[in-house]
Amino acid sequence: MDLIMQQFPVVIHSLNIGFLQTLKLFVVTLLGAIPLGLLIAFGSMSHFKPLSYFFKLLVWIIRGTPLMIQLLIIFYFPGLVLHHNIWGGSEAGRFAAASLSFILNYACYFSEIYRGGIQGVPEGQREAGMVLGMTKMQIFTHITLLQMVKRIVPPMSNEIITLVKDTSLARIIALQEIIWAGQAFMKGSQGISGAIWPLFFTAFYYLIANGLLTIAFSHLEAKLEYIK
Amino acid sequence: MSFLEVEHIRKSFGKTEVLKDISFSLEKGEVLSIIGSSGSGKTTLLRCLVFLHMADEGVIRINDDVIFDAKDPSTTKESELREKRLNFGMVFQSFNLFPQYTALENVTLAVKLHAKEREDYEKYKANIDEVIDAEGKDLLCRMGLEDRMDNYPSQLSGGQQQRVAIARALAMKPRILFFDEPTSALDPELTFEVLRVLRQLADQHMTMAIVTHEIDFARNVSDKVIFMDQGVIAEYGTPEEVIDNPQNERTKAFLANVAR
Ligand SMILES: Nc1ncnc2c1ncn2[C@@H]1O[C@H](COP(=O)(O)OP(=O)(O)O)[C@@H](O)[C@H]1O
Ligand SMILES: [Mg+2]
């Protein structure tokens, strides 16, 4: 116990740095995947068949394979083909590769949620907009969008909470996120080695992050309650 | 020449021919009731008239202007049809109010969006929106909803929702207003408040075509009645002719079956 108390400040400092990287990956993934998912949703709903087949195939591949494999392919495959690592050897390069993998992966999952959300808005809503002379774009932004948002908040909050935990997969390409930071104290780092408790301790970070997210989402759900 | 002229409209879904050569006309200020059993094509007809469906054949004219001709591709483009829809208002059986907007916002949304297309919009923005809000409130008052303007649809009864939907359609100042069974989704005790509004509009000489199962209402309010049967107009005339003295056997059978 004394030992842990001694190690505590060093470990927490490291974990905080790692968690910052975790959060960065989380935020960048959301910023990219939320709009990209909408694009993929529209693409897969397109009446232009080749386009919709393309996006449906993409979604099928991404959802049918583990994210960890996607990370590895995106990080290593260009290097195998081009004989030089396009991501470079730095943490920034690994972060870029991880971001791309996560954005692509989550955009595909989000797109399916969006699709369900859009198709769940009754056809009569669109028709009411049309007979009022609204354009397709106006109908989407002023009528469909918010009703879709209301429908997708519960499934999206599930996905987003999963994302917080999934970021730990990025350590497979040595991204220095919080699990990576915790693991370092097992192998030996900053004079501490063979300590497994820092790894266990990372769980609190995830719990706090997801606790806050859960509260935020239930607020959002309550705010949209008036839409029936 | 009539105000609205509908000529030789045909519409099929796949192999099923739902409308078989429909022609009728409507004068300005007239009220037309469309009656007929379920599945006879009444909804499809209205939907073709407001271009929610594209008729396979036929011509639609307003004031002698051809606004739709199935043979003339320049009149059937979606971009063209959007503007032309503004000639018509449509009130749906299921109201289709926008749940995220208050009653007043439902009424003013499309008017405000449409006003943005005006050249002087940026200059007079505040004024224009103010006028639109005032007109919206006035319409809701005429519907007897002065104390419901800030309520969301989910907070309104069916009859109130349908009256908001009527106000929303009127707000676009359509030349002709279509109703598809406006009281069919309502509890019986709420139908009268919607019928009262319809009667009031008829008194103000709003040009309307109403699909309805309210035969007494059709008799009292309409100038003309159409009885539709299996995709054709089986009988057409004044309420006295069609409802009180039907000639067609199918009309007689239908009228005998509906609750009077
Ligand atoms: N979108 C559609 N696709 C296929 N068939 C349809 C469609 N809309 C209506 N129909 C068919 O057209 C016929 C007439 O329907 P409708 O116009 O709704 O009749 P009504 O309003 O008089 O009850 C029905 O047999 C119906 O099944
Ligand atoms: Mg119908």
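Computed from a predicted structure; not experimentally measured.

**Q** Just checking my understanding: could you explain the overall build of chain A for this structure?
**A** Looking only at helices and strands, one finds eight helices and zero strands in chain A. Each helix and strand of chain A, placed in order from N terminus to C terminus, yields the pattern α-α-α-α-α-α-α-α. Counting only C-alpha atoms and orienting by the principal axes, one finds that chain A spans roughly 75 × 50 × 25 Å. Within chain A, buried positions represent 46% of all 228 residues. Relative to all contacts within chain A whose residues are 6 or more apart in sequence, the contacts with residues 24 or more apart total 77%.

**Q** So what exactly am I meant to see when it comes to the sheet that holds strand β2 (residues 16-26) of chain B here?
**A** Pairing between sheet strands relies on hydrogen bonds along the backbone, with the strands arranged either parallel or antiparallel. Residues and elements named next belong to chain B. Here we have four strands laid out as an open sheet, ordered β2-β1-β4-β5, and antiparallel in their pairing. Looking at which strands have only one partner, the edges of the open sheet turn out to be β2 and β5 (65-69). Going from strand to strand, the sheet's axes swing by 20° on average, the running direction of each strand aside. Looking at chain direction, strand β4 (residues 57-62) and β5 are connected through four bridges and run antiparallel. Considered in β5, the bridge of arginine 61 is made with valine 66.

**Q** In this structure, what is going on with the site of ligand 1? I would like to understand it.
**A** Residue and element names in this part refer to chain B. Every residue near ligand 1 is listed here: Phe13, Val18, Ser37, Ser38, Gly39, Ser40, Gly41, Lys42, Thr43 and Thr44. One nitrogen or oxygen atom from the main chain of serine 40 is found 3.2 Å from an oxygen atom belonging to ligand 1. A distance of 2.7 Å is found between an oxygen atom of ligand 1 and a side-chain nitrogen or oxygen belonging to threonine 43. With the chains in place, 57% of the 560 Å² that ligand 1 exposes on its own is no longer accessible. In terms of residue class, the shell around ligand 1 is built from two nonpolar, seven polar and one charged.

**Q** Looking at this structure, I do not really get helix α2 (residues 78-85) of chain B. What am I missing?
**A** Spacing of three or four residues puts side chains on the same side of an α-helix, whose turn is 3.6 residues. What α2(B) keeps buried is the set Leu81(B), Arg82(B), Lys84(B) and Arg85(B). Buried residues along α2(B) sit against α5 (123-131) of chain A together with β5 and β6 (88-91) of chain B.

**Q** I keep staring at the packing of helix α5 (residues 158-171) of chain B against helix α6 (residues 188-203) of chain B and nothing clicks. Help me out?
**A** Angle between the axes and distance between the axes: these two values describe a pair of packed helices. Residues and elements named next belong to chain B. Remark: α5 packs on α6, axes separated minimally by 8 Å, with the N-to-C direction vectors making an angle of 25°. Here α5 lies roughly parallel to α6, going by the angle between them. The segment α5 lies against α6, with Gly158, Gly159, Gln160, Gln162, Arg163, Ile166 and Leu170 engaging Leu190, Glu193, Val194, Val197, Leu198 and Leu201. Residue classes in the contact of α5 with α6 are distributed as seven nonpolar, four polar and two charged.

**Q** Explanation requested: the pattern of salt bridges in the structure shown.
**A** As a working rule, side chains carrying opposite charge can pair if their charged atoms are close by. Per the counting criterion, the structure on display carries 23 salt bridges over all chains. The shortest N-O distance in the salt bridge between Glu122(B) and Lys125(B) comes to 3.5 Å. Placement of both Glu122(B) and Lys125(B) in helix α4 (residues 121-142) is noted, with a separation of three residues, approximately one turn of the helix. Between Arg163(B) and Glu193(B) there is a salt bridge, with the nearest N and O atoms lying 2.8 Å from each other. Separated by 30 residues along the polypeptide, Arg163(B) in helix α5 and Glu193(B) in helix α6 bring together distant segments of the chain. With respect to class, Arg163(B) is no different from Glu193(B); both count as buried. Each of the salt bridges in this network shares a partner with another, and the network as a whole consists of Arg63(A), Glu112(A) and Arg115(A).

**Q** Can you walk me through the side chain of Arg168(B) in this structure?
**A** Relative to the helices and strands, Arg168(B) is located in helix α5. Buried charged residue Arg168(B) carries no salt bridge. Nearest counter-charge: Glu127(A), at 9.8 Å. Polar contacts involving the side chain of Arg168(B) include one to the main-chain carbonyl oxygen of Asn96(B), which spans 3.0 Å. With residues near it in sequence (within four places) discarded, Arg168(B) still touches Ala128(A), Leu132(A), Phe95(B), Asn96(B), Leu97(B), Phe98(B), Asn106(B) and Val107(B).

**Q** Is there a simple way to explain the pairing of strand β7 (residues 176-180) of chain B in this structure?
**A** A regular strand places its side chains on the two faces of the sheet in alternate fashion. Residues and elements named next belong to chain B. When you tally the buried positions in β7, you get five out of five residues, the bulk of the element. Judged from the four bridges that link them, β7 and strand β8 (residues 208-211) form a sheet pairing that is parallel. What sits directly across from leucine 177, in β8, is methionine 208.

**Q** How do you make sense of the interface of chain B and chain A when you look at a structure like this?
**A** Often, the extent of an interface is quoted as the loss of accessible area on bringing the components together. Contacts between the two partners involve 24 residues from chain B, matched on the other side by 20 residues from chain A. Together chain B and chain A conceal approximately 2100 Å² of surface at their shared face, both sides included; 64% is due to carbon and sulfur atoms. Three residues stand out in chain B for area buried against chain A, namely Pro99(B), Gln100(B) and Leu113(B), and they jointly supply 26% of the buried area on that side. Summed over the shared surface of chain B and chain A, the result is one salt bridge. With a shortest N-O distance of 2.7 Å, Arg47(B) and Glu127(A) are connected by a salt bridge. Linking chain B with chain A are eight residue pairs in polar contact (both at pLDDT 80 or more), by the criterion used here. For the side of chain B that touches chain A, the per-class residue count stands at 15 nonpolar, three polar and six charged.

**Q** Help me understand the side chain of Gln160(B), please; the structure alone is not making it clear to me.
**A** Structurally, Gln160(B) can be placed in helix α5. Those residues in contact with Gln160(B), other than ones at most four positions away along the chain, are Leu145(B), Arg148(B) and Glu193(B).

**Q** Where do I start with the sheet that holds β8(B) in this structure?
**A** All names here are of chain B. Spatial strand order, β6-β7-β8-β3-β9-β10: six strands in an open sheet with mixed pairing. Every other strand in the sheet has two partners, leaving β6 and β10 (232-237) as the edge strands with one partner each. Neighbour to neighbour, the strand axes of the sheet diverge by 20° on average, direction disregarded. Here β6 runs beside β7; their pairing, made up of four bridges, is parallel.

**Q** Please clarify how the confidence of the model for chain B should be interpreted in this entry.
**A** Do not read the predicted coordinates in detail wherever pLDDT is low. Here chain B averages 94 in pLDDT, while 99% of its residues score no lower than 70. Both scores are available for the predicted complex, with the pTM at 0.88 and the ipTM at 0.93.

Calculation notes
- Throughout, a residue's number is its position along its own chain's written sequence, starting from 1.
- Labels follow written order: the first chain is A, the first ligand is 1, and so on.
- Predicted model: local features are reported for residues with pLDDT of at least 70 only, side-chain atom pairs are reported and counted for 80 or more only, and whole-chain, interface and lining totals are derived from all residues.
- The basis for every side-chain value is the complete set of non-hydrogen atoms in the structure, without hydrogens or water.
- Segments assigned H or I by DSSP are reported as helices when at least four residues long, segments assigned E as strands when at least two residues long, and all are numbered from the N terminus.
- Only protein chains enter the accessibility calculation, which uses a 1.4 Å probe; a residue whose area is less than 20% of its type maximum is buried, one above 50% is exposed, and one in between is partly exposed.
- By definition, residues are in contact when any of their heavy atoms lie within 4.5 Å.
- DSSP calls a pair of strands paired once it identifies at least 2 bridges connecting them.
- Between N-to-C directions, angles cover 0 to 180 degrees, with each direction set by a line fitted to C-alpha atoms, over the stretch in contact for helices.
- To be near a molecule or strand, a residue needs just one of its heavy atoms within 4 Å of it.
- Under the rule applied, a polar contact is a pair of N or O atoms within 3.5 Å (in protein, one hydrogen donor and one hydrogen acceptor; residues adjacent in sequence only if both atoms are side-chain atoms).
- Calculation of accessible area relied on Shrake-Rupley with a 1.4 Å probe; when residues are assessed, cover is drawn exclusively from the protein chains displayed.
- Gly is put with the polar residues, along with every residue not named as nonpolar or charged; the nonpolar set is Ala, Val, Leu, Ile, Met, Phe, Trp, Tyr, Cys and Pro, and the charged set is Asp, Glu, Lys and Arg.
- Any angle that falls under 35 degrees is termed roughly parallel, while one over 145 is termed roughly antiparallel, one within 65 to 115 roughly perpendicular, and all others oblique.
- We define a salt bridge as a side-chain nitrogen of Lys or Arg found within 4 Å of a carboxyl oxygen belonging to Asp or Glu.
- Charge counting follows a simple rule: Lys and Arg are positive, Asp and Glu are negative, and His as well as the terminal groups are ignored.
- The term buried area means the drop in 1.4 Å probe accessible area that two parts suffer when joined, counted for both and summed.
- Known as pLDDT, the predictor's per-residue confidence is scaled from 0 to 100.

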